[in-house]
Each structure stands twice: as structure tokens, then as C-alpha cells.
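# Overview (structure and organization)
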Amino acid sequence: MKQKRIIILLCMTFFMSGCSKQALKENPNPHQEIGSEVAELHIGTKAVTSVSYPKTGYEKLDTKIAQKIRKLKSDFKKDTENYRGESAPELNINFESYMKDKRYLSVRLLIYEHIYNNKEISQTLHYDIEKDDFFDLDDLFEDDFLPYVSKQARQYFQSQYPEECKRADFRIGISPVTQNYQEFVLQKDKLVFYFNPGTLFDQGVSFSMSFDKLAPYTDLEKEEKTVFVPYDDVLNEPVRVIDPKQPMVALTFDDGPTRKYTEAILDALKEHNSAATFFVLGNRASNAPDLLQRMIMEGSEIGNHTYSHKQLTTLSKERIEEEIMHTQETIHKITNQYPSVIRPPYGSRNDNVLSCARNKRIVTWTLDTEDWKSRNTKTIVNRVMNTVKDKDIILMHDLYATSAEAAIILIDELHEQGYQLVTVSQLYEYSDSHQYQGK
Ligand SMILES: [Zn+2]
């Protein structure tokens, strides 16, 4: 046993000092290459919103992004004022950001709205760092570039969707006029065009061309893409003993990981030899692979909170499946483990969600700190300490400074009061699982 511990310790030391740092540097989220993230969550009775967008550090671009976000939020508010439908209206904004090279930066906002129907579009912004200004295709390519792209795109879509290409919408939308090709991003080795739903087809589609092919039309140079470096296996050895006779609670953190706050929470857990469950979002997980590995190595649990935080009950079965599986694969790629617990965003679920969850346990909560609402450390701490009882599942978000501060205090106080801080799976192991039904 002692020898085993030493081996684990050695592996951990090696891992923390070597692999994770290297991995972090070489392994950014392939879809979020630049900037830090601004994240907002609002769970109202009338509407739910989950918004995240980048802060790139380029003022002009950041101002424009902020304007767009404000406009999207105020339009959504206006559109939902007299809403009388069944499920809560939802606004969900995510983003992708790409660096072509040191000069050209593209941001793509992915906007999903559910009011009476689902609407899903993307909007792109293109920024030239050298000129400190926005750029368009005309700035980068020769005049005869667009007819060439249009022809290639037409051929591609005709091979993919032969029937739908006979419609007038397609013929108009694919024609070589600038306004048809305004939604695009420059990646390292290719140019990608997006066509929103209702432009070419009912569904949204994309078309990409490598810079190799575009060489006659531009001076832009092709740059090699960073290759994904796979991780070594991560050890997961139980390092603490749980006493089933003593009270226990499970702290759970949703919507992360975020570098600043998740790290602080992990530090506090480690100090008290305690664990928690982190219901991570797939698109944030890939930005912080080292944090995910640390969670597992320090005995915490990672749960699946979907890829982009959409209300699953508003999606088709295929899309629910995609949200869940994409996240399972992302987490597995980083930690070599598949999560066995899922928490659907906003706790919303129906039969489709249940069937897509398959053998994974759907976990909600028994104590809601409403930390996203108060954003007040003291309120959060008091709410928990005044109502906590044995076997509670406590809901928090590692999105805000106040939540992290509250978590640090709570870890200490709960520990003082004799609570063991365990993962949700451990909690289920030692409980009558019926007590969590219906929440
Ligand atoms: Zn959430």
C-alpha cells in the first residue's frame, strides 16, 4: 500500500510539473484560439440565458463584440416580453475564435434562441491586428476569387444535397455576390464559409477551402496547424476513506471549468483532503485540460453538463445526443475516462433526454445556492450553512468570483461541522438513491 502511494505521488509530481504545462501550451481548444472568456448565466422564471463571448484584448474588436451581445440580449428581451408558450424561452450564445496567423483574427458567435421555435445562426467578425481594423474578403483576395469560390461551393453542395440544390433559394444564395459570403472565418490552413439556416437550405451548412487551393487569388500564406498532443493515462486512485456513518454532502460546480475560479476551488478542496463534482461544459473543458486532469487526480469527479449549455428539452433527439456525446468524447480525450453522471442545463429533461443519457445517471440537486443570482459570498455561505443536511447535493457555479470565495469558506465550514465532502457518485453509493428522485 505504502509503495503504491509513493508511485502515485511520483506520477503526480511528474504529471503536474511536466505533462500538464506542456499540454496546456500545445493543446488549446481548437475552436477558441484567442482571448479570455466572459460568461453569464441567468435562470429566470420567464426566460433562461447562457451567454459566453471572448475578450480578445483588442479594444475595437471587443467593443464591437460587446455591442452585438447587448443587441442580441435586448432583442431577445423584447421578443419574449409577451411570451405565452410552454417551455421557458432561451438565449444561448457561444463562440469560436481563430487566428490565421499573427495578423488575422476571426470570431464566430453561435446564437441559439428558443422562443416559440428554435432559431440557430452564427455571425462572424474579422479583425486585422496590424491595421487595427476590420477586414472583409475584398481586402484579402483578387476580384475573380468569388466566382471561383461560388463554383466550388456549388459543386460541393450539389454532391451533398442534390435535391435541395434544385431550389431557387440555393441558386440565389450560392451566386457570387459578396453578401452571400459574409459569414466566414480564416483558420490556419483554410477559409471556412457559413450559410445560416434559410439561406441555402433549411439547415445551416458550411463550406471550406484550403489556402493551397486559393493561392492564385491571394498573397495569404498557409500556416501549419498545431497538432493535438494526446495525454498520458491519468491515474484515479481513491485517496481518502469515507465513513458511511458520518454525514456527507456533495458540492457540485456547473458551467466551468474557468481558470481562475476552478483552480481556487481545487486548491481549497485539496487542503481539506476533500472532493467535489464538476459538471463541465465540453467547450470550456477543452480550454483547461490541465484542470480536468487535476480534478481526477485529486479524487474529484467530472460530470457531463453538455457541450454548449442549451436547454436540451428544446432540441431534437439527434442534437441532444450530439451535445452529450461530444462532451463525453472531449472529457475522455483529456482524462481517459468517460463521465458516468450528467446534469442537463437548467435541470430540464424529458423522455428524449433520459433515453440519450443511457446508462449515465442524471443528477440534479437538493440544495440550490442560487449563487448566479445573488453574486454575494455571504448570502451563498449563509444559505448553505442554514439549511444543509446529511446527503445534500449542493448546486454552485465555478463561473464567478463570489461563488469561488463562498466555496472556499464552505469547504472549510462544512468540514468543521463534520461533513465529509464527497463526489455525487460516492454520495449515491452511500445513500438510498430514491431520495434524489424528482428534483
Ligand atoms: Zn449550467
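Definitions and cut-offs
- Residues numbered from 1 in each chain as written.
- Predicted model: local features only at pLDDT ≥ 70, side-chain atom pairs only at ≥ 80, totals over all residues.
- Heavy atoms only, no water.
- Helix = DSSP H or I, 4+ residues; strand = E, 2+ residues; numbered from the N terminus.
- Buried < 20%, exposed > 50% of the residue type's maximum accessible area, 1.4 Å probe, protein only.
- Contact = heavy atoms within 4.5 Å.
- Areas by Shrake-Rupley, 256 points an atom, 1.4 Å probe, with all protein chains shown as cover.
- Axes fitted to C-alpha atoms, helices over the stretch in contact; angles between N-to-C directions.
- Parallel < 35°, antiparallel > 145°, perpendicular 65-115°, else oblique.
- Nonpolar A, V, L, I, M, F, W, Y, C, P; charged D, E, K, R; others polar.
- Patch = residues over 30% accessible without salt bridge, like charges linked within 9 Å, V, L, I, M, F, W, Y side chains within 5 Å.
- Salt bridge = Lys/Arg side-chain N within 4 Å of Asp/Glu carboxyl O.
- Lys, Arg positive; Asp, Glu negative; His and termini not counted.
- Charge placed at Lys NZ, Arg CZ, Asp CG, Glu CD.
- pLDDT = per-residue confidence, 0-100.
- Pairing = 2+ DSSP bridges.
- Expected span 1.5 Å × (residues − 1).
- Arc of directions from axis to C-beta.
- Core = buried A, V, L, I, M, F, W, Y, C linked by side-chain atoms within 4.5 Å.
- Left-handed = near helix turned anticlockwise from the far one by under 90°.

Per an unreviewed UniProt entry, the protein chain goes by the name Polysaccharide deacetylase family protein and belongs to Copranaerobaculum intestinale.

On to the overall build of the protein chain, then. The helix and strand inventory of the protein chain stands at 15 helices and 17 strands. When each of the 439 residues of the protein chain is scored for burial, the buried share is 51%. Here the analysis covers contacts within the protein chain between residues at least 6 apart in sequence; of these, 71% occur between residues at least 24 apart. Entry remark: accessible area of the protein chain is about 21,300 Å², with carbon and sulfur atoms responsible for 48%.

Here we come to the packing of helix α9 (residues 289-297) against helix α10 (residues 317-335). One can describe the packing of α9 onto α10 by two numbers: an axis separation of 9 Å at closest approach and a directional angle of 75 degrees. Comparing their axes, α10 and α9 come out roughly perpendicular. Listed contacts from α10 to P289, L292, Q293 and I296 of α9 are I331, I334 and T335. A per-class count over the contact of α9 with α10 returns 5 nonpolar, 2 polar and no charged.

Another aspect to go through is a negative patch on the surface. Among the surface-exposed residues, D136, D138, D139, E142, D143, D144, D219 and E221 lie close enough to one another that they form a single negatively charged patch. Locating D138 in the fold gives a position in helix α3 (residues 137-140).

On to the confidence of the model for the protein chain, then. In the predicted model, the protein chain carries a mean pLDDT of 87, and 87% of its residues have values of at least 70. In the model, residues 1-27 has pLDDT below 50 throughout and makes 32 contacts with residues more than four positions away in sequence or in other chains. Low pLDDT, under 50, characterises residues 225-238; the predicted model gives this stretch 34 contacts beyond four residues in sequence or across chains.

This part covers unusual backbone geometry. Cis rather than trans, the peptide bond between G256 and P257 has omega equal to 0 degrees. Tracing the backbone through its elements, the reader meets P257 in the loop between β10 (248-254) and α7 (259-271). Its identity is not glycine, yet T306 carries a phi of approximately 75 degrees, on the positive side. On the secondary structure map, T306 appears in the loop between β12 (301-304) and α10. For T306, a relative accessible area of 0% translates into the label buried.

What follows deals with the sheet that holds strand β3 (residues 90-99). Overall, mixed pairing links the 6 strands, which are arranged β1-β2-β3-β4-β5-β6 in an open sheet. Both outer strands of the open sheet, β1 (36-43) and β6 (133-134), are each paired with one neighbouring strand and no more. Alignment of strand β2 (residues 48-55) against β3, held across 4 bridges, turns out to be parallel. Opposite S50, over in β3, you have N92 as the bridge partner.

A word on α10. Compared with an ideal rise of 1.5 Å per residue, which puts 19 residues at 27 Å, α10 spans 27 Å between its outermost C-alpha atoms and is within 8% of the ideal. Listed as buried for α10 are I320, E323, I324, T327, Q328, T330, I331, I334 and T335. Take α10 and look down its axis: the buried residues cluster within an arc of 165 degrees, on one side only. Residues of α10 that are buried sit in contact with β11 (277-280), α8 (282-285), α9, β12, β13 (341-342) and α11 (351-357). Directly after α10, the chain includes N336, whose backbone phi takes a positive value near 65 degrees.

We now examine the pattern of salt bridges. Applying the stated criterion across every chain yields a total of 25 salt bridges. The partner of D133 in a salt bridge is K60, and the shortest N-O contact between them spans 3.7 Å. Of this pair, D133 sits in strand β6 while K60 sits in helix α2 (residues 59-80), placing them 73 residues apart in sequence. Between K310 and E120 there is a salt bridge; the shortest N-O distance is 3.7 Å. You can see K310 sitting in the loop between β12 and α10 and its partner E120 sitting in strand β5 (residues 118-128), a full 190 residues away along the chain. A residue is classified by how much of its surface remains accessible, and K310, at 7% relative accessible area, is buried. Classification of E120 as partly exposed rests on a relative accessible area of 29%.

If you look at the biggest cluster of nonpolar residues, it comprises 35 residues, and the most contacted ones within it are L251, F278, I394, M396 and L414. Those elements giving two or more residues to this core turn out to be β10, α7, β11, α9, α10, α13 (377-387), β16 (393-397) and α14 (401-416). Top element by residues in this core is α14. It accounts for 6 residues. Filtering out sequence-adjacent residues up to four positions away, F278 remains in contact with F253, T262, I265, L266, L269, M295, S300, E301, I302, G303 and D398.

Moving on, we come to the packing of α7 against α9. Two elements in contact, α7 and α9, have axes separated by 11 Å at closest approach and are oriented at 20 degrees. Taken together, the axis directions place α7 and α9 in an arrangement best described as roughly parallel. The hand of the α7/α9 crossing is left-handed. Judged by residue contacts, R259, T262, E263, L266, D267 and K270 of α7 engage D290, L291, R294 and M295 from α9.

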